There are 2 protein chains.
Amino acid sequence: MTRHSPVRIALLGAGIFARDAHIPALIELQDTFRIVAIYSRTRQNAEAAAALVPYGVEVTTDLEALFVRDDIDAFDVVLPIQSLAPVVEAALRTGRHVISEKPIAPDVETGLSLLAARRNQVWMVAENWRYNRSFLEARAAIERGDIGQPVLCHWALPVVMTPANKYYGTTWRRDGSFQGGFLLDGGVHYVAALRLLLGEIEQVAAFTRQVREDLPPVDTLAASLRFRSGALGTLGVTFAAGENVETAITITGDQGWLRVYRSTLEINRKGDTEQQTFQDRGVRDELAAFGAAILDGTPHRNSAEEALRDVAVIEAILRSARSGEALAPQAIPVS
Amino acid sequence: MTRHSPVRIALLGAGIFARDAHIPALIELQDTFRIVAIYSRTRQNAEAAAALVPYGVEVTTDLEALFVRDDIDAFDVVLPIQSLAPVVEAALRTGRHVISEKPIAPDVETGLSLLAARRNQVWMVAENWRYNRSFLEARAAIERGDIGQPVLCHWALPVVMTPANKYYGTTWRRDGSFQGGFLLDGGVHYVAALRLLLGEIEQVAAFTRQVREDLPPVDTLAASLRFRSGALGTLGVTFAAGENVETAITITGDQGWLRVYRSTLEINRKGDTEQQTFQDRGVRDELAAFGAAILDGTPHRNSAEEALRDVAVIEAILRSARSGEALAPQAIPVS
């Protein structure tokens, strides 16, 4: 495998997150990456994305042509859930390095088939929350024993998903064609954060509901969680909230507690609370890690298996709500 | 039934909550109540309680003798969970008015047998959280539609239950002889508050755990809740917390949200948050309501059926955790 520096990367997809997050991060990391091409189904979208790049970038609507070129080292696949998996599979089969957006796949079965298409390349699933500095520092605090043994965690996420939210406009998120709808799309982030902090989730028991007609198939969940460590947890999510409220992951330990937001961490021990603030640079940091993995073989946090474990937890929550039984997430083989 | 004013009341039990909460409230309400006797198994405890009353009060260790006196209008039963039900049953059979501590009984079956012992008197179960002014105002806000339709609620209660907590000393709470331990004793309060705010809970799916050896049989729970209204919720409780953290019941509606603590209410609508503070006078207010029910026939919030519905929800949570199934709380007949 060539280790060409900077890594020549092609962006497959030119939607909101490609333009707002991936392109700015790739530009910032220009010692590591050079965007050589941007694909979109419509040339207009590809051109709009290319216009954000301060150097010349090819635009194309011909995906297959990109896959057979030998001057591309890596693909960054930023496509809707419905079309992501077949493109990731084709990209993996080229043997080039791949970073693909979360969720890795709309269900565990599809995700497992992607694992089978993997070659000997770096494949990272873009779960930027696993590179969130506030969460990483919270995890370090737990590992240091700052709050003793974690006993109970709770987190609720009320999200306003109206036309005022930029993701509402992406109709593919609202067409009800994949399990969980926004609960999968957003939910893998929340599971990734919880697993980062507290380790594997062994069992879930949940209810789900569709409150809003325009958010099929479900938009609200309440789940009880049992972690392998023995800690218990609750997770509540709704995309039918009328007003945003930022809520923390709160973890109660037998020696103290911590509350972690995406940019703030509070730790309480012996009655004293310490607060730290962080800039959330998860997308930039994960792309830097992708570059380091390609160029130097550095390990990274975002393996396909990790991403598939996040999907497995959401799938178990959705199934538990349908069956009325506590369920274990499907086991994902260690790579 | 005599309506003697002030109501001549005998206190059965002289423990922490009798001394710290009931006696001060009964003294404050001296136009309504006169404490005529205090029973405890040990004369010393009864005398210590009587010493708190600014007028002469009989003390006795003979419970049966109190039940046959005709100069007592009402009994206030403040006994441990293990000995509460038989005393309440005997008190009910005298036909006198009864206020008895929560939980009404250690399980639904025992509670139902108490209903059968009821005569035509006022019987209130002392659930002071149903008289908490902050919760009552939150309920009024929900009924007014301040946050639109409630969609999701979440609440977690980390409680420090060490020798520093006065209830830790009451060994009956820690002997593991009734289902749920502190999760029943404290849990009925939490369920009462949730039911007051959001109505009946139709289904629960939960995990439980015993973290601390000295808090049998279980001290931690994580539960998903489905309300009859369609709202979903999560409830997390642990008595194994290392540090106290006050947490709110947070209710997300499709038009706004509210957070309610025992003495504070925050309501957010159209991005603006209003905050109100309240004094928690639940015990005083419920005893006043007990007096008004006896003297004037005024309806009150604390029927035996309401109290038994709280127990039924906790019992369903404990059973769900054992069976791995989502369960409906046992139905309690309307009186």
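Residues numbered from 1 in each chain as written. Chains lettered and ligands numbered in written order. Predicted model: local features only at pLDDT ≥ 70, side-chain atom pairs only at ≥ 80, totals over all residues. Heavy atoms only, no water.

**Concerning the domain arrangement of chain A**
Residue and element names in this part refer to chain A. Split by domain assignment, chain A resolves into domain 1 (7–128) and domain 2 (130–282 + 312–323). The interface of domain 1 with domain 2 comprises 16 residues on the first partner and 21 residues on the second. Buried surface at the junction of domain 1 and domain 2, summed over both partners, amounts to about 1,600 Å²; 56% is from carbon and sulfur atoms. Inspection of the region where domain 1 meets domain 2 yields 13 residue pairs in polar contact (both at pLDDT 80 or more). The set of elements that each furnish at least two residues to the side of domain 1 that touches domain 2 consists of α1 (16–28) and α4 (81–93). Looking at the side of domain 1 that touches domain 2, the element that brings in the most residues is α1, giving 4 residues. Partitioned by chemical class, the residues of the side of domain 1 that touches domain 2 number 9 nonpolar, 2 polar and 5 charged. (Domains from an automatic or database assignment. Contact = heavy atoms within 4.5 Å. Buried area = accessible area lost by both parts, 1.4 Å probe. Polar contact = N/O pair within 3.5 Å; in protein donor to acceptor, adjacent residues only side chain to side chain. Helix = DSSP H or I, 4+ residues; strand = E, 2+ residues; numbered from the N terminus. Nonpolar A, V, L, I, M, F, W, Y, C, P; charged D, E, K, R; others polar.)

**A few points about the packing of aromatic side chains**
Per the counting criterion, the structure on display carries 14 aromatic pairs over all chains. Seen in terms of ring centroids, A:W129 and A:Y190 are 5.7 Å apart; in terms of plane orientation they differ by 55 degrees. Their pairing is tilted. One end of the pair, A:W129, is in the loop between β6 (123–126) and α6 (133–144); the other, A:Y190, is in helix α8 (residues 187–198), and 61 residues separate them in sequence. For A:Y190, a relative accessible area of 5% gives the class buried. Among the aromatic side chains, those forming a connected cluster through ring pairs are A:W129, A:F135, A:W155 and A:Y190. Lying across the ring of B:Y55, B:R34 places its NZ or CZ 4.2 Å from the centre. (Phe/Tyr/Trp six-rings, centres within 6.5 Å; stacked < 30°, edge-to-face > 60°. Buried < 20%, exposed > 50% of the residue type's maximum accessible area, 1.4 Å probe, protein only. Lys NZ or Arg CZ within 6 Å of the ring centre and 35° of its normal.)

**Quick notes on the interface of chain B and chain A**
Size of an interface: often given as the accessible area lost when the parts come together. Chain B puts 52 residues into the contact, and the matching count from chain A is 52 residues. Where chain B abuts chain A, roughly 3,400 Å² becomes buried across the two surfaces, and 69% of that area is made up of carbon and sulfur atoms. Area buried by chain B at its contact with chain A is led by B:F207, B:R209 and B:E243, which between them contribute 20% of it. Between the two partners, chain B and chain A, sit 0 salt bridges. Here chain B and chain A share 17 residue pairs in polar contact (both at pLDDT 80 or more) between them. Those elements that place two or more of their residues in the side of chain B that touches chain A are β7 (150–158), β8 (201–209), β9 (220–227), β10 (232–238), β11 (249–253), β12 (256–260) and β13 (264–269) of chain B. Grouping the constituent residues of the side of chain B that touches chain A by class yields 23 nonpolar, 21 polar and 8 charged. (Salt bridge = Lys/Arg side-chain N within 4 Å of Asp/Glu carboxyl O.)

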